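Residue-level listing of the chains:
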Amino acid sequence: MKFFVLFIVLDQSGGPDWDVKLGRVDSLTASQEDSNNIMPSPRANASLLMDLFERFNLSVRDMVALSGSHSIGQARCFSIVFRLYNQSGSGRPDPAIETRYREKLDKLCPLGGDENVTGDLDATPATFDNRYFKDLVAGRGFLNSDQTLYTFPETRKYVTLFSKNQQAFFRAFVEGMIKMGDLQSGRPGEIRSNCRMANSRPVRVLMES
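Residues numbered from 1 in each chain as written. Predicted model: local features only at pLDDT ≥ 70, side-chain atom pairs only at ≥ 80, totals over all residues. Heavy atoms only, no water.

### Describing the overall build of the protein
Scanning the protein from terminus to terminus reveals 10 helices and five strands. Pairs at least 24 residues apart make up 69% of the contacts formed inside the protein by residues separated by at least 6 positions. (Helix = DSSP H or I, 4+ residues; strand = E, 2+ residues; numbered from the N terminus. Contact = heavy atoms within 4.5 Å.)

### Observations regarding the confidence of the model for the protein
Averaged over every residue, the pLDDT of the protein is 86; the share at 70 or more is 89%. Confidence over residues 1-8 falls short of pLDDT 50; this stretch has 11 contacts with residues more than four positions distant or in other chains. (pLDDT = per-residue confidence, 0-100.)

### Things to note about the packing of aromatic side chains
Evaluated as defined, the whole model comprises 10 aromatic pairs. Aromatic side chains Phe-162 and Phe-169 sit 5.9 Å apart centroid to centroid with 45 degrees between the ring planes, which places their arrangement in the tilted category. On the basis of relative accessible area, Phe-162 is assigned to the buried category, the value being 1%. Residue Phe-169 is classed as buried on the basis of its relative accessible area, which comes to 0%. Three or more aromatic residues link up through ring pairs in this structure, and these residues are Phe-128, Tyr-132, Phe-133, Tyr-158, Phe-162, Phe-169, Phe-170 and Phe-173. Positioned above the aromatic ring of Phe-82 is the side chain of Arg-43, whose terminal nitrogen or guanidinium carbon lies 4.1 Å from the ring centre. One residue, Arg-156, lies across the ring of Tyr-150, its end atom 5.6 Å from the ring centre. (Phe/Tyr/Trp six-rings, centres within 6.5 Å; stacked < 30°, edge-to-face > 60°. Buried < 20%, exposed > 50% of the residue type's maximum accessible area, 1.4 Å probe, protein only. Lys NZ or Arg CZ within 6 Å of the ring centre and 35° of its normal.)

### Some points on the state of the cysteines
Taken as a whole, this structure holds one disulfide when the rule is applied. Note on cysteine connectivity: Cys-77 is disulfide-linked to Cys-109, with sulfurs 2.0 Å apart. Because the torsion about its S-S bond is -70 degrees, the bridge between Cys-77 and Cys-109 counts as left-handed. On the criterion of sequence distance, the pair formed by Cys-77 in the loop between strand E2 (74-76) and helix H5 (81-85) and Cys-109 in the loop between helix H6 (99-108) and strand E3 (118-120) is long-range, its members being 32 residues apart. There is no split in this pair, since Cys-77 and Cys-109 are both buried. (Disulfide = S-S within 2.5 Å.)

### Let's talk about helix H4 (residues 60-67)
At 3.6 residues per turn, the α-helix brings residues three or four places apart onto the same side. Summarising burial for H4: six of the eight residues are buried, a large majority. Within H4 the residues assigned to the buried category are Asp-62, Met-63, Val-64, Ala-65, Leu-66 and Ser-67. Looking at the packing, one finds that the buried side of H4 touches helix H3 (46-54), helix H7 (131-137), helix H9 (153-164) and helix H10 (166-181).

### Brief notes about the pattern of salt bridges
Inspection of the entire model under this criterion finds six salt bridges. Between Glu-175 and Arg-61 there is a salt bridge, with its nearest N and O atoms 2.7 Å apart. Of this pair, Glu-175 sits in helix H10 while Arg-61 is found in helix H4, placing the two residues 114 residues apart along the sequence. On the accessibility criterion, Arg-61 (26% relative accessible area) is partly exposed. (Salt bridge = Lys/Arg side-chain N within 4 Å of Asp/Glu carboxyl O.)

### Here we look at the environment of Thr-155
You can see Thr-155 is positioned in helix H9. A relative accessible area of 0% places Thr-155 in the buried class. Each C-alpha atom, one on Thr-155 and one on Met-63, is 8.7 Å from the other, the two residues being 92 residues apart in sequence.

### Digging into the nonpolar core
Across soluble globular proteins, nonpolar side chains show a tendency to be buried alongside one another. Of all hydrophobic cores here, the largest spans 28 residues; its most connected members are Met-63, Val-64, Phe-133, Leu-149, Phe-162, Phe-169 and Phe-173. Among the secondary structure elements, those contributing two or more residues to this core are H3, H4, H7, H9 and H10. Ranked by the residues each element gives to this core, the list is headed by H10, at seven residues. Ile-80, Ile-97, Leu-105 and Phe-142 belong to the second largest nonpolar core, which has 11 residues in total. (Core = buried A, V, L, I, M, F, W, Y, C linked by side-chain atoms within 4.5 Å.)

Rendered as structure tokens:
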């Protein structure tokens, strides 16, 4: 369901399109714990992100391109206050943040303020484009897990490429999404008649390969 929703959002915001495979074997149950265990933290650095994606046979290029999904949307101040006021326990802001952008974030997310206030993930939050990568090059990444992609040599080369070539980003993003869509857990599952929920009547259970 998440892939289908993202596909529709991208189509309406100027992003790429691709053929979505049918017949995916989905889980019989939902697990918040499983989801939390594989969701990257906004505090993560590029090294942690590379290790996480490698567990699922996704390359560094895949990881950087898929991070470009942050070309649209917003995140809460809760996710960045440590960057603004106590990066790595230093009591100081993240030096990777461009000065004027940090001043903007200071006003949006003051120390002791409402951490549920949201900020844009890039300068064009309603348009799927390569602005996200241009912002990282300029030191204007909202999340630590975004900006860190420009501080590590292994990921910086892809950020630089995608910031200069939007079509290269789109191609890599589609390839990464198709790979993610093919991931399976190895647990019993079923082909759902409604992608939002498990089937209500008994069906033949399939083993994921």
